[in-house]
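Notes for the structure review
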Amino acid sequence: MRKSVIALAAGAALLFAVPFAASADYVKNGADIVKAADWEKMETVVIELDDHDFHPQHLKLKAGQPYRLVIKNVGEQDHYYTAEEFFRSVAWRKVQTPRPQGGEVKAPYFTALEAYKDGGVVEAFFVTVEKGTFEVVCTIDDHVDKGMHGTITVE
Ligand SMILES: [Cu+2]
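Every chain is numbered independently, its residues counted from 1 as its sequence is written. This being a predicted model, a pLDDT of at least 70 is required before a residue's local features are given, and a value of 80 or more before pairs of side-chain atoms are given or counted; all residues contribute to the totals for chains, interfaces and linings. In computing side-chain values, all of the structure's heavy atoms are included and hydrogens and water are not.

Bringing the overall build of the protein into the picture now. Labels follow the DSSP assignment, with helices taken as runs of H or I lasting at least four residues and strands as runs of E lasting at least two, numbered in each case from the N terminus. The secondary structure content of the protein amounts to 3 helices and 11 strands. In sequence order, the secondary structure elements of the protein are arranged as α-α-β-β-β-β-β-α-β-β-β-β-β-β. Out of the 155 residues belonging to the protein, those deemed buried represent 39%. Sequence separation of at least 24 residues holds for 75% of the intrachain contacts in the protein that already meet a minimum separation of 6. When the accessible area of the protein is evaluated, it comes to approximately 9000 Å², of which 53% is carbon and sulfur surface. Burial classification: accessible surface area is computed with a 1.4 Å probe over protein chains only, and a residue below 20% of its type maximum counts as buried, one above 50% as exposed, and the rest as partly exposed. Residues count as neighbours in contact if any of their non-hydrogen atoms are within 4.5 Å of one another. Every accessible area reported is derived by Shrake-Rupley at a probe size of 1.4 Å, with residue values counting cover from the shown protein chains alone.

Attention now goes to unusual backbone geometry. Geometrically, the link from D51 to H52 is a cis peptide bond, its omega value of 10° lying close to zero. Along the chain, H52 turns up in the loop between β1 (43–50) and β2 (53–55). The linkage connecting R99 with the following residue, P100, adopts the cis geometry, with an omega of 5°. Relative to the helices and strands, P100 resides in the loop between β6 (90–97) and β7 (103–105). Backbone geometry at D118 places phi at a positive 60°, although glycine is not the residue there.

On to the pattern of salt bridges, then. What counts as a salt bridge is simple: a side-chain nitrogen of Lys or Arg found within 4 Å of a carboxyl oxygen of Asp or Glu. Throughout the structure, instances matching the rule amount to 8 salt bridges. Note that E43 and K62 form a salt bridge whose closest N and O atoms lie 2.8 Å from each other. Here K62 lies in the loop between β3 (58–61) and β4 (66–73) and E43 lies in strand β1, a separation of 19 residues in the sequence. For E43, a relative accessible area of 29% corresponds to the partly exposed category. Take K62: its relative accessible area is 42%, and that puts it in the partly exposed class. K106 is paired through a salt bridge with E104; the nearest N and O atoms lie 3.6 Å apart. K106 sits in the exposed class, given a relative accessible area of 60%.

Surrounding the copper ion are the protein donor atoms H79 (ND1), C138 (SG), H143 (ND1) and M148 (SD), which sit 2.0 to 2.7 Å from the metal. Listed donors are limited to N, O and S atoms within 2.8 Å of the metal, widened to 3.2 Å for Na, K and Ca; water is not among them, so incomplete-looking sites are possible. Just to be clear on the cut-offs, tetrahedral is four donors with all angles between 85 and 135 degrees, square planar is four donors and octahedral six with opposite donors over 155 degrees apart and all others between 65 and 115, and anything else goes down as irregular. Every donor counted, the 4 donor atoms about the copper ion form angles of 81 to 136° at the centre, which fits irregular coordination. Each donor residue of the copper ion lies on the same chain, and together they follow the pattern H-x58-C-x4-H-x4-M.

Right, here's the structure in full:
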């Protein structure tokens, strides 16, 4: 009897803790946040991936703001824009490749985004939730050592 009460209390604590533990997991109530957001006020931010750096290298975003992050590869090699902790800290609407030949994917969260060489574009739609500074890297071969690393700061 005592054990089940403790288990129940632990379960309840976990239930309340989950929506705020984004960086360890992902934003569980993301769909509600996306639905409640004013997408008319969406801001578009363009990140260019080149051989071998990110422009801008350090990105500053506001918390609670809907964004379209346009990740464009202007280099001659494939590149990732991977910010796993950041990607788990936002409420995702979708990821898409532009019309006319593109498409979109909806998921609770993403862990890595890649834009193909010679002009490939991936667009990430999300609402920033957690404040902090998050690391961004290109995970291909030695691209980090060549300069493909940066940060995203949410204030
Ligand atoms: Cu790269």
